Structure formats: C-alpha cells, structure tokens
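Coordinate inspection notes
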Amino acid sequence: LCRQIAKFKPQKLVLFDIYENNMYDLISELTINLHLNQDLEIVSYIGSVRDFDRINDICKTEQPDVIFHAAAHKHVPFMEDSPGEAIKNNVFGTYNVAKAADLNHVKTFVLISTDKAVNPTNVMGTTKRLAELIIQAYAQKSRTKFVAVRFGNVLNSNGSVVPLFKRQIENGGPVTVTHPEITRFFMTIPEAAQLVLQAGFYANEREIFVLDMGQPVKIWDLADKMIRLAGLVPGRDIEIQEIGLRPGEKMFEELALEMEECHKTDNNLIFVHEKMDIDSKVVDSDLVQLQELMETTDDKQQIKDVLMNMIQD
C-alpha cells in the first residue's frame, strides 16, 4: 500500500506499525527508491491499534486525509485458539482507529477486510465481520466516509500458502494440503493494493467494496503447479499430502453475503454493495457486551459462542 500510495505523490505518508523491523525496512526502501517522489515526507510511529490514546494523539498531530486500516490478526487456526486476542486486535483495534478518525475529522477511512467475513465459521472471520459492522455504524453518525474493502488471499503475502509450498518443495516435500477439494480466491500484492486505493476513491458512506478475484483456485492444483514449475513431478519427486482441515477452516470462501446486493463501479474489478441497515445502537451494545466478557472470562468456547450470536443476530 505504501509503495502504491507514494507513486501518487502525496504531501506526507504517515506509517503506523507495532513491528519496528518491517517499519525500518519499508522506510529504507521508500527513501532509497529514486523513482518515488523526492519531496515526500515520511513520518513513522510505533504503537498498537489496541491503544486508543496513542492512535488519537497521532491523528491530532498529523491530521491525515485518509486512513487505510490494515492491522489485524489474520491466521484462522491461531485465532481459534486465542479468540480474546482476535477481539482485542480486530474488533477493538478497529473501533479505536475508527473513533480517532471520527473525532479528528479524517475525510476517508478504508478498512481492509476479507472474504472470511462472509458467513463466518471461525473467530477470525467473525471478528472481521464485526469490524465491518463497526465502520458501517460509524458512517451513520460521522462526517468521515467509512468503507470496507473485501478480498481473498494475497499471493506471497506474509503467512500465505505460496511461501509455505516453496519451503516444502525446497526441503524435498511433502507439500501439505488440508483437503483435495478446498478452494481459495487469490490476487497478487500489487493488484490488491491498487484496488484498495481505487476503492477508497469510490468511497461513499456505509459501503463495502468487493474486489473481483476471478475464479477460485483449488489449493491442490496450486501445489501441483508449483511442484512442476520447480522442475519436479508430483507423486514421484514430491508428494502432495492431505492433512485435514484446520480448526475453523472452510472448504470455500465467499465474497458477498446473500442479503447484500452489489453492482459494478466504473472499474470492472470493483463491485460495491448497496447500503445495509445497520443499527448502531446494537453494534454499541455488542461492543459493551464483548468488553465485559473479556474482563470476566477466558473461556474460549464461551467467547466464540457470544461472537457467533452477534453475527447471527
């Protein structure tokens, strides 16, 4: 996102991350890269979206025009085991940034969402759906334009299946796939970033944008092709091994809820959902309930049950 944004020559690019090593590498790249705007001012802050005061102070100081909110826990099996952490980061982290954007009159807020937020069956997807509801609720009462951009897996991103398969092939196999028929949507990192930026341009109130991810890909076929691209033969040189679905994992992902109607924007790769009726009072009540729950129990199953009830309601 920062690479793409820099090409549009903004006056200032404000980076916020909890992980200083990635921040250092990114700043070094942006500073050295000669084709970027030499007048671009890059400002960086270390902190967590869980810390509202930190976020709010930065918004007061920098007065950003646009916020792209990408911070989230995203690994499905890990979040099944740590639902409380998913809530702190994905739900209340989003709430903190949205609240700060509203209070400081940011023009546009873009939430990076996921196909796993559609009919969620796991903690990660449920918390991301709640994040969408938070920004839709805020849009009802704020001068800030709040939108979400929803897409599938990004090839070669941190934690994606492609680097895993590469390592497994380099180590002589086996390449592990959870199920022969499991499918996922895929997009490259530059494609995803460009479409997120364009969706921000189309922003209006309470909209969820869906990116055209093309046809879903069978993970088994992806493993087969990667083995062959390495000059090897599946089943002879490298085995593909079925290991079973992981906790919370779906066989296939969806990009739109049945209750939502969507239409194309001027960009044929970006669809926009019609506004949904979101009761901001219900969202506020859910957040209060979640906060009380987090303070009174660490029972994973109870937390999961409450989460799923909120989405079903």
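Structure's up top.
Residues numbered from 1 in each chain as written. Predicted model: local features only at pLDDT ≥ 70, side-chain atom pairs only at ≥ 80, totals over all residues. Heavy atoms only, no water.

A few words now on the packing of helix α10 (residues 280–296) against helix α11 (residues 300–312). At a minimum axis distance of 11 Å, the contact between α10 and α11 shows a crossing angle of 180°. Relative to α11, the element α10 is oriented roughly antiparallel. Where α10 approaches α11, its residues D286, Q289, L290 and L293 are matched on the opposing element by Q302, I303, V306, L307 and M310. Residues of the contact of α10 with α11, tallied by class, amount to six nonpolar, two polar and one charged. (Axes fitted to C-alpha atoms, helices over the stretch in contact; angles between N-to-C directions. Helix = DSSP H or I, 4+ residues; strand = E, 2+ residues; numbered from the N terminus. Parallel < 35°, antiparallel > 145°, perpendicular 65-115°, else oblique. Contact = heavy atoms within 4.5 Å. Nonpolar A, V, L, I, M, F, W, Y, C, P; charged D, E, K, R; others polar.)

Moving on, we get to the pairing of strand β10 (residues 207–211). Within a regular strand, side chains alternate between the sheet's two faces. In terms of residue burial, β10 counts as a mostly covered element, since five of its five residues are buried. Taking every second residue as pointing to the same face, both faces of β10 are buried, with E207, F209 and L211 on one and I208 and V210 on the other. Summarising the sheet, strand β5 (residues 145–150) and β10 pair through four bridges and their orientation is parallel. Paired with R150 across the two strands is V210, which belongs to β10. Here β10 runs beside strand β14 (residues 270–273); their pairing, made up of three bridges, is antiparallel. Across the sheet, V210 pairs through a bridge with F271, a residue of β14. (Buried < 20%, exposed > 50% of the residue type's maximum accessible area, 1.4 Å probe, protein only. Pairing = 2+ DSSP bridges.)

Let us look at α10. Two residues of an α-helix separated by three or four positions point the same way, owing to the 3.6 residues in each turn. Over its 17 residues, α10 runs 25 Å from end to end, which matches the ideal 24 Å to within 8%, given 1.5 Å per residue. Buried residues of α10: S280, V283, D286, L287, L290, L293 and M294, and no others. The buried residues of α10 occupy an angular sector of 140° when projected down its axis, which confines them to one face. Turned more than 90 degrees away from the buried face of α10, the exposed residues are K281, E295 and T296. The inward-facing, buried residues of α10 contact α5 (83–103), α6 (123–139) and α11. A side-chain oxygen of the first residue of α10 lies 3.0 Å from the backbone nitrogen of K281; this N-cap is D279. (Expected span 1.5 Å × (residues − 1). Arc of directions from axis to C-beta. Polar contact = N/O pair within 3.5 Å; in protein donor to acceptor, adjacent residues only side chain to side chain.)

Given a rise of 1.5 Å per residue, 13 residues ought to cover 18 Å, and the 19 Å separating the end C-alpha atoms of helix α8 (residues 189–201) matches this to within 8%. Of the positions making up α8, those classed as buried are A192, A193, L195, V196, L197, A199 and G200.

The tally for this structure, following the rule as stated, stands at 13 salt bridges. K88 is the salt-bridge partner of E85, the closest N and O atoms lying 3.0 Å from each other. One end of the pair is E85 and the other is K88, both in helix α5 and three residues apart, which spans about a single turn. In this structure, E132 and R150 form a salt bridge, with 2.8 Å as the shortest nitrogen-oxygen distance. In this pair, E132 sits in helix α6 while R150 sits in strand β5, placing the two residues 18 residues apart along the sequence. Of the two residues, E132 and R150, neither departs from the other in class, the shared state being buried. Salt bridges sharing common partners tie together R50, E85 and K88. (Salt bridge = Lys/Arg side-chain N within 4 Å of Asp/Glu carboxyl O.)

If you look at the biggest cluster of nonpolar residues, it comprises 41 residues, and the most contacted ones within it are I87, F109, F146 and L290. Those elements that place two or more of their residues in this core are α3 (52–62), α4 (76–81), α5, β4 (108–112), α6, β5, α10 and α11. Broken down by element, this core gets its largest block of residues, 10 residues, from α6. Excluding residues within four positions of it along the chain, F109 makes contact with I67, H69, V97, A98, A101, I135, T144, K145, F146 and V147. (Core = buried A, V, L, I, M, F, W, Y, C linked by side-chain atoms within 4.5 Å.)

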